[in-house]
Structure formats: C-alpha cells, structure tokens
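Next come the chains, spelled out residue by residue.
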Amino acid sequence: MISACEGSLHALLGAAKRAVPFAALLLLASLTAGCSAPAQTEAPVAAAPPIGATAQPFVPDAGVAFETPYYMIDLPESWAGTTTFSYSNDYTMPDPGLGLGYSTGVLSNDTGMALFSVTCFTDAWGPQGTFYATSAGSTPLLEGNYVSVYSAMFDPQHSRLSDHTEEYASYVSVKRGAVADAERALELPYYSFDLTAPEAANWQFSYDGTHRIEGDEGVGYALNVSDRTTGEPLFYVVCATEGFGPNAEDERAVAVGSPSTWSKAQVYVAQQRFDADGEAPLLDLEACARYVAVK
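Residues numbered from 1 in each chain as written. Predicted model: local features only at pLDDT ≥ 70, side-chain atom pairs only at ≥ 80, totals over all residues. Heavy atoms only, no water.

1. Here's the deal with the overall build of the protein
- Broken down by element type, the protein carries five helices and 18 strands.
- The buried share among the 295 residues of the protein stands at 44%.
- Put simply, of all contacts in the protein between residues at least 6 apart along the chain, 57% involve residues at least 24 apart.
- Of the roughly 15,300 Å² that the protein leaves accessible, carbon and sulfur atoms contribute 54%. (Helix = DSSP H or I, 4+ residues; strand = E, 2+ residues; numbered from the N terminus. Buried < 20%, exposed > 50% of the residue type's maximum accessible area, 1.4 Å probe, protein only. Contact = heavy atoms within 4.5 Å. Areas by Shrake-Rupley, 256 points an atom, 1.4 Å probe, with all protein chains shown as cover.)

Set out below in structure tokens:
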C-alpha cells in the first residue's frame, strides 16, 4: 500500500510553478507564532486594508474531530491548529488470526511526528515495538477486534517519554451502532469522498492531512486511492492553489471545484504519470471525480 502523498504530491510539486519539497509537508513547521502587543492608552483606529489586500487572512482548517468506520476521535479545542490527521482504510492479516487496520495518526504540526495512533487490532494482537498502549474498547461492528490507542515510548533521541495513552484514549469513542457504507466514505476538511459499492470492494484509500500554506497559497489535504489487491496507485485528490497545482494543460488532472472556505484553491483529481511498468494508462479522471464532493 502506498503512503498518502508520498508519490502523488511529490509528482505534483515537481511540476508546480513554485516547487515545494515533499519533505516540507512531513516536517511542517508551526505556521504561526504568538507575540504580545504593547499596551495602548487609547483604542487604536483600525487602518483600512490596502487595495488588493486580503482583509481576513486565510486560516487552514484546524479541525479537531475525525470519523472512521469503527471509532471517532474528538480532540480538545485547545489542540486546534496544532495537529493533523492521517488515515488509511486498509485492513490486513499478516498471519492467520492476526489482523490490523483502519489506522489514524494524530500528527504534531511542529514535528510531523505522531503524538498518538489509533488502530483496530484482532483481540489476540496489538502494537508491536516500544509503545505505550491501551484499549479504547471493542466494537461489535468489527467482530473479534478492539481499538488500540498507542504512542511511542521513546523520542528520536532515545529519551523516554511519559505515558499519556489514558488521556489520548479519552478522546476516542468506539462505535457500537450501525454505520452503513462507512468503509467507503470519508469526510475531509475541504471535500468529501464516497465510493460506490463495487469500487469500495476493489479500492483502498489513505489520507494525509499535512499541508504547506504560505498566506492563502499552498497545497495539501491529499487522498490516495489504490488497488486493494495489488497496491498499485490509481488516482489521488489534493487541494492546491494555482501556483502549487497541476498545469491547466495537464491531461492527468481535472479541477473539481473551489472550497467555500478556501476560495483561492481548487480540489483536483489527478494521477501519476508513471507506475511500476512505465507510463501509466490514462484514467477517465472525470469519472473518478464523481466520487469527490467539494465543500
């Protein structure tokens, strides 16, 4: 299975008018820094913005909730703007009776590293490696599985970290009622994605909410769709402004629409030019775009 953005965004950014290294997306620095204003003896008079200036600067989506087929994550409002979600709807069984999938990472915008992760595991299994882990509960919607919340025990410098998994688990709600068609759909900040039943059986998708924003220009919030059996990439969806998006003449990309909360951007459905066998056959991207609804 391909990781979200790894192939598609790299190809997209390589063709952009202003190239942005993919590493910048994964090692995204904090977009804002607070500073204290000097005391005012009188209320200042607000100056009118210059002609052509944006009166209210664009602020990237800072959502704190994320829904999957078998659990929901609802972070505290104080976390808004500090984290990003990544998700894959893949479910694998590397050994008989041992399965895992539907994984979400809650990533720090400062470091790009996972603060914690949430994954469905079969009852006899769990995270492998040096992790703190706790169970958020079992769900009857995925029989024989439970939802694990886990985080790294050591940082990259091998210093031991504190265990906050009980706190993190309090942000996770395990679903217990029916969730029709949830495995084929995903609600994202600037668009929603919903497959029809035949494609849902044959395709899998992974989402990476990391983004690179400069003012109201940028790129990110990418969803990769691949073949469930072979793992070969099919197409991807991404939000990008003109300077970061595909060229208008690119036959391997179609613009679906502009999000109401990021009017300068377009949501694109596109495909990589090359696959493992060479130049990839051109898909009917207009047909692929019907699975995407711009918000």
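And the narrative resumes.
2. Notes on the pattern of salt bridges
- Scanning the entire structure with this criterion turns up eight salt bridges.
- The closest approach of N and O atoms between arginine 212 and glutamate 214, which form a salt bridge, is 2.7 Å.
- Lysine 264 is the salt-bridge partner of glutamate 217, the closest N and O atoms lying 3.1 Å from each other. Within this pair, whereas glutamate 217 is found in strand β12 (residues 217-227), its partner lysine 264 is found in the loop between β14 (253-257) and β15 (265-270), the two being separated by 47 residues in sequence.
- Taking relative accessible area as the criterion, glutamate 217 reaches 18% and is therefore assigned buried. (Salt bridge = Lys/Arg side-chain N within 4 Å of Asp/Glu carboxyl O.)

3. Quick look at the sheet that holds strand β18 (residues 292-294)
- With antiparallel pairing, the three strands of this open sheet are ordered in space as β9-β10-β18. One side of each edge strand has no neighbouring strand; the edge strands of this open sheet are β9 (185-187) and β18. Averaged over neighbouring strand pairs, the angle between their axes works out to 15° when direction is ignored.
- Of the strand pairs in this sheet, β9 and strand β10 (residues 191-194) are connected by three bridges, and their pairing is antiparallel. Residue pairing for β10: alanine 185 is matched across the bridge by aspartate 194. (Pairing = 2+ DSSP bridges. Axes fitted to C-alpha atoms, helices over the stretch in contact; angles between N-to-C directions.)

4. A word on unusual backbone geometry
- A positive phi is found at tyrosine 102, a non-glycine position, where the angle reads about 50°.
- Locating tyrosine 102 in the fold gives a position in strand β4 (residues 98-108).
- Tyrosine 102 gets classed as buried once you look at its relative accessible area, which sits at 6%.
- One non-glycine residue, histidine 158, adopts positive backbone phi at about 70°.
- The topology assignment puts histidine 158 in the loop between β7 (145-152) and α3 (165-169).
- A relative accessible area of 67% places histidine 158 in the exposed class.

5. Describing the confidence of the model for the protein
- Overall, the predicted model of the protein reaches an average pLDDT of 81, with 78% of residues at or above 70.
- Predicted confidence for residues 1-55 stays below pLDDT 50, and this span has 81 contacts to residues more than four positions away or in other chains. (pLDDT = per-residue confidence, 0-100.)

6. Topic: the nonpolar core
- With 50 residues, the main nonpolar core has Tyr71, Leu75, Tyr191, Phe193, Leu223, Phe235 and Val269 as its most contacted residues.
- Top element by residues in this core is strand β11 (residues 203-214). It accounts for four residues.
- Discounting residues that sit within four places of it in the chain, leucine 75 has contacts with Val64, Thr83, Phe85, Val106, Phe116 and Tyr171.
- Core analysis: the next-biggest nonpolar cluster, separate from the first, contains nine residues, Val238, Ala253, Tyr268 and Ala270 among them. (Core = buried A, V, L, I, M, F, W, Y, C linked by side-chain atoms within 4.5 Å.)

7. Quick notes on the packing of aromatic side chains
- Taken as a whole and judged by the stated rule, the model has 19 aromatic pairs.
- With centroids separated by 5.0 Å and ring planes inclined at 75°, the aromatic side chains of tyrosine 70 and tyrosine 102 adopt a geometry described as edge-to-face. Residue tyrosine 70 is located in the loop between β1 (65-67) and β2 (71-74), and its partner tyrosine 102 is located in strand β4; the two are separated by 32 residues in the primary sequence.
- Ring geometry for tyrosine 190 against tryptophan 262: centres 5.5 Å apart, planes inclined by 55°, an arrangement best described as tilted. Of this pair, tyrosine 190 sits in the loop between β9 and β10 while tryptophan 262 sits in the loop between β14 and β15; the two residues are 72 residues apart in sequence, bridging distant segments of the chain. Each of the two residues, tyrosine 190 as well as tryptophan 262, counts as buried.
- Counting every residue linked through ring pairs, the aromatic cluster contains Phe121, Trp125, Phe131, Tyr146 and Tyr150. (Phe/Tyr/Trp six-rings, centres within 6.5 Å; stacked < 30°, edge-to-face > 60°.)

8. With respect to the sheet that holds β4
- One open sheet accounts for 10 strands, arranged β6-β7-β5-β4-β3-β11-β12-β13-β15-β14; its pairing is antiparallel. At either margin of the open sheet sits one strand with a lone partner, and together these are β6 (131-138) and β14. Averaged over all pairs of adjacent strands, the angle between strand axes in this sheet comes to 20°, irrespective of strand direction.
- Across three bridges, strand β3 (residues 83-95) lies against β11 in antiparallel orientation. Counterpart to serine 88 in the pairing with β11 is serine 206.

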